[in-house]
Amino acid sequence: MTATVSTIVAPEGSLEVLSQQEVERLRDTSAKGLHDLLRRCALAVLNAGTPTDDSRQVLETYKDFEIQVIQEDRGLMLKLDNAPAGAFVDGRMIRGIREHLSAVLRDIVYVANEIEHGGRFDLDSTEGISNAVFHILRNAGTLHAGERPNLVVCWGGHSISREEYDYSKSVGYQLGLRGLDICTGCGPGAMKGPMKGAHVAHAKQRNRKGRYLGISEPGIIAAEAPNPIVNELVIMPDIEKRLEAFLRIAHSIIVFPGGVGTTEEILYLLGVLLHPDNKDIPLPVIFTGPAHSAEYFRQIDTFIRYALGDDAAKRYRIIVDDPEAVALAVRDGVRKLTEYRREHDDAFYYNWRLSVPVDFQRPFHPSHEAMAALALHKQLPVFDLAANLRRAFSGIVAGNVKETGIQAIEEHGPYRLSAEPGLMAQLDVLLQSFVAQSRMKLPGSHYEPCYVLE
């Protein structure tokens, strides 16, 4: 029997007192209410550290878990019933987990009130969406004016080999020695490794202000629950705003080995950078991993060059098995980025000059019809093709780890993708290489049959 704890806790940090209407929405279990969203995200945070990437398994294991917001005269309280016992020590919630739980509540309330229903943002326009991303990050306290650029966004798989994890930790260590902070998707694997390495390096350098920023979203947080090193957590409302947030605050991006989710991030990044409006904007991008990951990056590079062209490959550099070289390349790239932003009077903390086309901003819901309708051919402008390829991989991620995606596959069979023959062949080679390298699970699980290439 799974051990659980029932208790009442106060949110950690400065969380404003909620109105009666806000509390009622958090209690509302209907489709218009926020209770289900709060429950799923809260459970993911409380269950952090459990080795599973199946959100349905988490919800089934703790099907009796409940969270209730209580408004009292002295402030806000959270009533937890049947919460994972691992979130507590001697009957008290671990402080870091309490901070993450408070961040979940903060962002759910803010997004619902100010972004989605406040009427302040035009979520059908690129300017409105970028402003919404800015305000969510600012409300979370992540935008630090006056500080020099030093935030490195790290992407990679949440389920990687021990050698790849240790390598990501070594890269983080080299970055931390040079005073660089880390931002990741906040989960395990390649998202935890750089933070852990940087944390040790910051301690050696007596840097007590090291930042370990995690950015997640409700659809994936159960599969990639925040790791314990994260000291700033932000829950964006959807994957597209999460990806834009990464690009807006990044001063450099490092990509470690991963699978379909990492490929989705790469396609988003390159698609945005390939837009003509962004051709002169510097953003150092490094693909890196240990020696045995060289084949992974070779396959990624081959696919990118075929699908998006050699100009796309000019936007990144591949460094294999050399953590110090990675850190030095990032350091030099950040210096050039800093000079560029000074020359153009651009903010250090939010890249306003970056143009993110609306096709990269609109939420994509990977229904079977939407996946089948994706235009995947090289006659499209390169950034449009990148946007559609990103959507295709987003659907495969949904069919892998998201509750709604897994359920859709079970009910209607695998997603069907169609493309011109050459592109389809390259896509098939890439996905099969993920299977061969154990970056996608083998047949017999719900992972393999989530797509069919036609």
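All values reported here derive from a predicted model rather than from experimental measurement. (Residues numbered from 1 in each chain as written. Predicted model: local features only at pLDDT ≥ 70, side-chain atom pairs only at ≥ 80, totals over all residues. Heavy atoms only, no water.)

## Comments concerning the overall build of the protein
From N to C terminus, the protein includes 16 helices and 14 strands. Here the C-alpha atoms of the protein give a radius of gyration of 21 Å, agreeing with the 22 Å that 2.2 N^0.38 yields for 454 residues. Along the first, second and third principal axes, the C-alpha atoms of the protein reach 60 × 55 × 45 Å. Within the protein, the proportion of its 454 residues that are buried is 57%. The contacts in the protein between residues at least 6 apart in sequence include a share of 75% that link residues at least 24 apart. When the accessible area of the protein is evaluated, it comes to approximately 19,000 Å², of which 48% is carbon and sulfur surface. Each charge sign in the protein was given a centre, from 49 positive and 59 negative side chains, and these centres are 6 Å apart. (Helix = DSSP H or I, 4+ residues; strand = E, 2+ residues; numbered from the N terminus. Rg over C-alpha atoms; globule rule 2.2 N^0.38 Å. Buried < 20%, exposed > 50% of the residue type's maximum accessible area, 1.4 Å probe, protein only. Contact = heavy atoms within 4.5 Å. Areas by Shrake-Rupley, 256 points an atom, 1.4 Å probe, with all protein chains shown as cover. Lys, Arg positive; Asp, Glu negative; His and termini not counted. Charge placed at Lys NZ, Arg CZ, Asp CG, Glu CD.)

## Quick notes on the sheet that holds strand β2 (residues 66–72)
As a general point, the strands of a sheet are linked pairwise by backbone hydrogen bonds and lie either parallel or antiparallel. Pairing within the open sheet is antiparallel, and its three strands lie in the order β1-β3-β2. Each edge of the sheet is formed by a strand with only one pairing partner; in this case those strands are β1 (4–9) and β2. In this sheet, adjacent strand axes meet at a mean angle of 10° when their direction is disregarded. Across five bridges, the pairing between β1 and strand β3 (residues 75–84) is antiparallel. Within β3, the residue paired with T4 across the bridge is P84. Where helix α2 (residues 35–46) meets the sheet, it contacts β2 and β3, and its direction lies at approximately 110° from that of β2. Across the sheet, helix α4 (residues 95–116) is in contact with β1, β2 and β3; its angle to β3 comes to roughly 115°. (Pairing = 2+ DSSP bridges. Axes fitted to C-alpha atoms, helices over the stretch in contact; angles between N-to-C directions.)

## With respect to the packing of aromatic side chains
Counting across every chain of the model gives nine aromatic pairs. With centroids separated by 4.3 Å and ring planes inclined at 15°, the aromatic side chains of F287 and Y316 adopt a geometry described as stacked. Highlighted residues: F287 in strand β11 (residues 285–289) and Y316 in the loop between α11 (310–313) and β12 (317–320), separated in sequence by 29 residues. Considered together, F287 and Y316 belong to a single accessibility category, that of buried residues. Among the aromatic side chains, those forming a connected cluster through ring pairs are F287, Y296, F297, Y316 and F434. Above the plane of the ring of Y296 lies R439, whose end atom (NZ or CZ) is 4.5 Å from the centre. (Phe/Tyr/Trp six-rings, centres within 6.5 Å; stacked < 30°, edge-to-face > 60°. Lys NZ or Arg CZ within 6 Å of the ring centre and 35° of its normal.)

## So, the nonpolar core
If you look at the biggest cluster of nonpolar residues, it comprises 82 residues, and the most contacted ones within it are L137, W155, L247, I249, I253, F287 and L308. Looking at which element gives the most residues to this core, the answer is helix α14 (residues 382–401), with 10 residues. Apart from residues lying up to four places away in sequence, F287 is in contact with V255, I266, F297, I300, I304, Y316, R317, I318 and I319. With 60 residues, the next largest nonpolar core counts L18, L78, A327 and V330 among its residues. (Core = buried A, V, L, I, M, F, W, Y, C linked by side-chain atoms within 4.5 Å.)

## Some words on the layout of surface pockets
The probe, sized like a water molecule, is rolled over the atoms to show the empty space still left. If you add up the space inside the largest pocket, you get close to 950 Å³. Along the wall of the largest pocket there are 40 residues; nearest its centre are R40, E217, P218, G219 and P237. Only α2, α3 (55–61), α4, α8 (239–249), α14 and α15 (403–412) provide two or more residues apiece to the lining of the largest pocket. It is α4 that contributes the most residues to the lining of the largest pocket, five residues altogether. By residue class, the composition of the lining of the largest pocket is 22 nonpolar, nine polar and nine charged. (1 Å grid on protein atoms, 1.4 Å probe; cavity = no way out; pocket = protein on both sides within 12 Å on 5 of 7 lines; lining within 4 Å. Points joined across faces, edges and corners; volume = space filled by probe spheres on them. Nonpolar A, V, L, I, M, F, W, Y, C, P; charged D, E, K, R; others polar.)

## Some points on empty space enclosed by the protein
Tallied over the full model, the rule gives one cavity of 30 Å³ or more. Here the largest cavity is characterised by a volume of approximately 110 Å³. Residue lining of the largest cavity: 13 residues in total, with T142, H144, R211, H251 and Y349 positioned closest to the centre.

## Overview of the sheet that holds β11
Read from one edge to the other, the open sheet built from seven strands follows the order β9-β8-β7-β6-β10-β11-β12, with strand pairing classed as parallel. Where the open sheet ends on each side, the last strands, each with one partner, are β9 (232–235) and β12. Direction aside, neighbouring strands of the sheet carry axes that sit 25° apart on average.

## Re the side chain of H251
On the secondary structure map, H251 appears in the loop between α8 and β10 (252–255). At 2.6 Å, the side chain of H251 and the backbone oxygen of F348 are in polar contact. Once residues within four sequence positions are removed from consideration, H251 is found in contact with P149, N150, L151, L283, P284, V334, L337, R341 and F348. (Polar contact = N/O pair within 3.5 Å; in protein donor to acceptor, adjacent residues only side chain to side chain.)

## Side note on the confidence of the model for the protein
Here the protein shows a mean pLDDT of 90. Residues at 70 or above account for 94%. Below pLDDT 50 for its whole length, residues 442–449 participates in 15 contacts with residues either more than four positions away or in separate chains. (pLDDT = per-residue confidence, 0-100.)

## Considering helix α7 (residues 193–204)
Taking 1.5 Å of rise per residue, 12 residues should cover 16 Å, and α7 covers 17 Å from first to last C-alpha, within 8% of that figure. All buried positions along α7 are accounted for by G193, P194, M195, G197, A198, A201 and H202. Looking at the buried residues of α7, the elements they touch are β6 (151–155), α6 (162–177), β7 (181–184) and β8 (212–216). The positive-phi residue at the C-terminal boundary of α7 is R206, with phi of around 55°. (Expected span 1.5 Å × (residues − 1).)

## Quick notes on the pattern of salt bridges
Applying the stated criterion across every chain, the model contains 26 salt bridges. The salt bridge partner of K169 is D166, with a shortest N-O separation of 3.9 Å. Here D166 and K169 lie together in helix α6, a separation of three residues that amounts to about one turn. Residue classification places D166 among the partly exposed residues on the basis of a relative accessible area of 29%. (Salt bridge = Lys/Arg side-chain N within 4 Å of Asp/Glu carboxyl O.)

## Description of the packing of α4 against helix α5 (residues 126–139)
Between α4 and α5, whose axes approach to 11 Å, the crossing angle comes to 140°. Taken as axis vectors, α4 and α5 run oblique relative to one another. In the packing of α4 onto α5, the handedness of the crossing is right-handed. Of the residues in α5, those in contact with R106, Y110, V111 and I115 of α4 are A132, H135, I136 and N139. Looking at side-chain class alone, the contact of α4 with α5 contains five nonpolar, two polar and one charged residues. (Parallel < 35°, antiparallel > 145°, perpendicular 65-115°, else oblique. Left-handed = near helix turned anticlockwise from the far one by under 90°.)

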